[in-house]
Amino acid sequence: MEHLSEALRTAVADPPPTGINLDRLILGERRARQRRWFAGGVAAVAVLSTGVVTAVVRAPAGLGVGGLPSATGTKTDLGPPADPVGACVAVRPTPTGSARTDDKPGGGQPPESGGAPTEPRAAAVTRLSATLNAAVRLTMPNVSVTDDIHPDCEGIQFEPDVYPALYYASFEARDMHGVGIVVLMIHHIQFVAMDSYGQRETRPDGSQVGWNQDGSGSGGMQSTQVSVLRPDGTFVTALSQNITGANYDVITRPTAPATAEQLIAIAADPGLTLYP
Amino acid sequence: VSADEAAYREYVTHRIDGLRRTAFLLCGDWHTADDLVSGALVKLLRHWRRVSTMESPDAYVRRMLLTGWLDERRRPWRRERATAVPPDVEARSEDPTDRMHILALLAELPPRRRAVLVLRYFCDLSVVETAEALGCTEGTVKSQTARALESLRARLTAVPAMED
């Protein structure tokens, strides 16, 4: 065996200079990470920017539209931050997740009393993640998912943003047609114009739902975007595209992995609320 | 530069040479080897905070490298195609110490058998470590090793019989 080991080492004794540029590699990954959030960000910002003009925001002192810090205010302490990126939380579905039929305020502070959600962020991450996993399993039964932010965690996990009461999740969905990406953002807002959506409806519970399906992207990119604004002020935006989180330039399947109906079913899940 | 990034840079600087050599033995081409190592390093960077706390980050990187290569082999444009005229191939040297000779022999092996040989006889991994890197059982590693060496023996008398 020594002979084989020696032969293998001889075969790679004098390699040519490497073409790997570590600086470029790190910079590229940094940009890729930014792009991953860009897709979800665009969806939310597009809607929010429309709503800013007419928004009637009843955020607490120091918070602006959608819970983002205002120019002059100070942030409200919503409890300790959740686990850092990379730490997994339990994603077991909760019995009250998708099976809930109402939006009654529970442990959180309802918006009518004038505040942002008071649920600790770590608890919110665990609860929202469990609800999302249950909703995805129910709505997309033939799809396997991989969390794009926490690829080594079981199931999908929400990530708390630096801003209070803003959570996002991103996962790759794979079925027989290939792999694509789904991004969700949850935050709280009292009113937003849904005019930017081609199709809109108001549900019996008062939720406003808007959605777009766009197949005019460059290179065959298909995009499905949905927003749900609940009466309690929870605003859920979901985006599905036929690309992956790692590469936004390559089309990975003919259509987006989730249809508008599936995204609406997920985003409108009563458990995805900031006021449990 | 954050502490994480500095640690990542230091780790990569010390390991990149070995990773390139391993990748080259797997794929037989330095450009592809650099691509494979780049892919593994990007994944490592993405999960550095967690991987750096592991007992053996090397095992993680090695596995990323192998997975990347095996995935690459499965891509449609990598599959063998029938052609009307046999393609020109480089004449194989008969000198067993010739580097082209050993590389040509490796290239004739199926991917996983080649990986087993590279991991065991170039990276000096044990059967257990090889099984972990390839995500298979120890029995599979042993059988793949035996078959790979058998294939080599059929072509190269200089390779001694496998020691059980």
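Residues numbered from 1 in each chain as written. Chains lettered and ligands numbered in written order. Predicted model: local features only at pLDDT ≥ 70, side-chain atom pairs only at ≥ 80, totals over all residues. Heavy atoms only, no water.

1. With respect to the overall build of chain B
So, step 1. Scanning chain B for helices and strands turns up 8 helices and 0 strands.
So, step 2. Counting from the amino terminus, helix and strand elements in chain B follow one another as α-α-α-α-α-α-α-α.
So, step 3. Here chain B holds 164 residues, and the buried ones make up 40% of them.
So, step 4. Looking at chain B alone, contacts between residues at least 24 apart form 56% of all its contacts between residues at least 6 apart. (Helix = DSSP H or I, 4+ residues; strand = E, 2+ residues; numbered from the N terminus. Buried < 20%, exposed > 50% of the residue type's maximum accessible area, 1.4 Å probe, protein only. Contact = heavy atoms within 4.5 Å.)

2. Thoughts on the overall build of chain A
So, step 1. When you go through chain A residue by residue, the secondary structure sums to 4 helices and 8 strands.
So, step 2. Of the accessible surface of chain A, which amounts to about 12300 Å², a share of 55% is contributed by carbon and sulfur atoms. (Areas by Shrake-Rupley, 256 points an atom, 1.4 Å probe, with all protein chains shown as cover.)

3. Regarding the interface of chain A and chain B
So, step 1. Taken together, the contact pairs 30 residues of chain A with 37 residues of chain B.
So, step 2. Our enumeration of links across chain A and chain B arrives at 2 salt bridges.
So, step 3. Here arginine 9 of chain A ties to aspartate 124 of chain B by a salt bridge, and the two come within 2.7 Å at their closest N and O atoms.
So, step 4. For the pair chain A and chain B, the interface holds 9 residue pairs in polar contact (both at pLDDT 80 or more).
So, step 5. Of all the elements in the fold, those that place two or more residues in the side of chain A that touches chain B are helix 1 (2–11) and helix 2 (22–54) of chain A.
So, step 6. Taken together, the residues that form the side of chain A that touches chain B break down as 16 nonpolar, 6 polar and 8 charged. (Salt bridge = Lys/Arg side-chain N within 4 Å of Asp/Glu carboxyl O. Polar contact = N/O pair within 3.5 Å; in protein donor to acceptor, adjacent residues only side chain to side chain. Nonpolar A, V, L, I, M, F, W, Y, C, P; charged D, E, K, R; others polar.)

4. Remarks on the packing of helix 6 (residues 111–122) of chain B against helix 7 (residues 127–134) of chain B
Residue and element names in this part refer to chain B.
So, step 1. Following both chains from N to C, one finds helix 6 and helix 7 inclined at 135°, their axes separated by 10 Å at the closest point. Considered as vectors, helix 6 and helix 7 are oriented oblique to each other. The interaxial crossing formed by helix 6 with helix 7 has right-handed handedness. Where helix 6 approaches helix 7, its residues Arg112, Ala115, Val116, Leu119 and Arg120 are matched on the opposing element by Val127, Thr130, Ala133 and Leu134.
So, step 2. Of the residues in the contact of helix 6 with helix 7, the class split is 6 nonpolar, 1 polar and 2 charged. (Axes fitted to C-alpha atoms, helices over the stretch in contact; angles between N-to-C directions. Parallel < 35°, antiparallel > 145°, perpendicular 65-115°, else oblique. Left-handed = near helix turned anticlockwise from the far one by under 90°.)

5. Observations regarding the environment of serine 240 of chain A
Residues and elements named next belong to chain A.
So, step 1. Among the secondary structure elements, serine 240 is positioned in strand 8 (residues 234–241).
So, step 2. Here the alpha-carbon distance between serine 240 and serine 170, two residues 70 residues apart in the chain, equals 9.7 Å.
So, step 3. When near neighbours in sequence (up to four residues on either side) are disregarded, serine 240 contacts Ile181, Val182, Gln222, Ser223, Thr224, Ala256, Pro257, Ala258 and Leu263.
So, step 4. Here alanine 258 takes part through its backbone nitrogen, which lies 3.0 Å from a polar atom of the side chain of serine 240.

6. What to know about the packing of aromatic side chains
Residue and element names in this part refer to chain B.
So, step 1. Using the criterion set out here, one finds 3 aromatic pairs over all chains in the structure.
So, step 2. Pairing tyrosine 11 with tryptophan 48 gives two aromatic rings, centres 5.5 Å apart and planes at 50°, and the pair type is tilted. Taken together, the residues span a long stretch of sequence, with tyrosine 11 in helix 1 (residues 3–27) and tryptophan 48 in helix 3 (residues 48–51) at a distance of 37 residues.
So, step 3. What makes tryptophan 48 buried here is its relative accessible area of 6%.
So, step 4. Pairing phenylalanine 24 with tryptophan 30 gives two aromatic rings, centres 4.0 Å apart and planes at 5°, and the pair type is stacked. (Phe/Tyr/Trp six-rings, centres within 6.5 Å; stacked < 30°, edge-to-face > 60°.)

7. Side note on helix 7 of chain B
Since there are 3.6 residues in each turn of an α-helix, residues three or four apart along the chain are aligned in direction.
Residue and element names in this part refer to chain B.
So, step 1. Of the residues making up helix 7, those classed as buried are Val127, Thr130, Ala131, Ala133 and Leu134. Here the buried residues of helix 7 occupy an arc of 165° about the axis, which is enough to place them on one side.
So, step 2. Backbone geometry just downstream of helix 7 places glycine 135 in the positive-phi region, at approximately 70°. (Arc of directions from axis to C-beta.)

8. What about helix 2 (residues 30–46) of chain B?
So, step 1. The end-to-end C-alpha separation of helix 2 of chain B is 24 Å, in line with the 24 Å expected for 17 residues at 1.5 Å each.
So, step 2. Of the residues making up helix 2 of chain B, those classed as buried are Trp30, Thr32, Ala33, Asp34, Leu36, Val37, Ala40, Leu41, Leu44 and Leu45 of chain B. (Expected span 1.5 Å × (residues − 1).)

9. Brief notes about the packing of helix 6 of chain B against helix 8 (residues 138–155) of chain B
Residue and element names in this part refer to chain B.
So, step 1. Contact pair helix 6 / helix 8: the axes reach a minimum separation of 9 Å and the direction vectors enclose 95°. Taken together, helix 6 and helix 8 sit at an angle that is classed as roughly perpendicular. Packed against helix 6, whose contacting residues are Arg112, Arg113, Val116, Leu117, Arg120 and Tyr121, the element helix 8 presents Val141, Gln144, Thr145, Arg147, Ala148, Leu149, Ser151 and Leu152 at the interface.
So, step 2. When its residues are assigned to classes, the contact of helix 6 with helix 8 shows 7 nonpolar, 3 polar and 4 charged.

10. A short note on the side chain of arginine 114 of chain B
Residue and element names in this part refer to chain B.
So, step 1. Tracing the backbone shows arginine 114 in helix 6.
So, step 2. Among the residues examined, arginine 114 registers a relative accessible area of 5% and is labelled buried.
So, step 3. Contact partners of arginine 114, with chain neighbours within four places excluded, come to Leu25, Leu26, Cys27, Trp69, Leu106, Ala107 and Leu109.

11. Quick word on the pattern of salt bridges
So, step 1. Taken as a whole, this structure holds 9 salt bridges over all chains when the rule is applied.
So, step 2. Notably, a salt bridge pairs arginine 15 of chain B with aspartate 58 of chain B, separated by 2.9 Å at the nearest N-O pair. Placement of arginine 15 of chain B in helix 1 and of aspartate 58 of chain B in helix 4 (residues 57–74) is noted, with a sequence separation of 43 residues between them.
So, step 3. One salt-bridge network, held together by shared partners, links Asp23 of chain A together with Glu5 and Arg9 of chain B.

12. Details of the nonpolar core
So, step 1. Core analysis: the biggest nonpolar cluster contains 57 residues, and Tyr8, Leu25, Leu41, Leu44 and Leu117 of chain B have the highest contact counts within it.
So, step 2. If you tally residues by element for this core, the top one is helix 1 of chain B, at 10 residues.
So, step 3. Apart from the residues within four sequence positions on either side, leucine 44 of chain B is in contact with Tyr8, Tyr11, Val12, Val51, Tyr60 and Val61 of chain B.
So, step 4. Residues Val125, Met140, Val143 and Ile156 of chain A belong to the second largest nonpolar core, which totals 34 residues. (Core = buried A, V, L, I, M, F, W, Y, C linked by side-chain atoms within 4.5 Å.)

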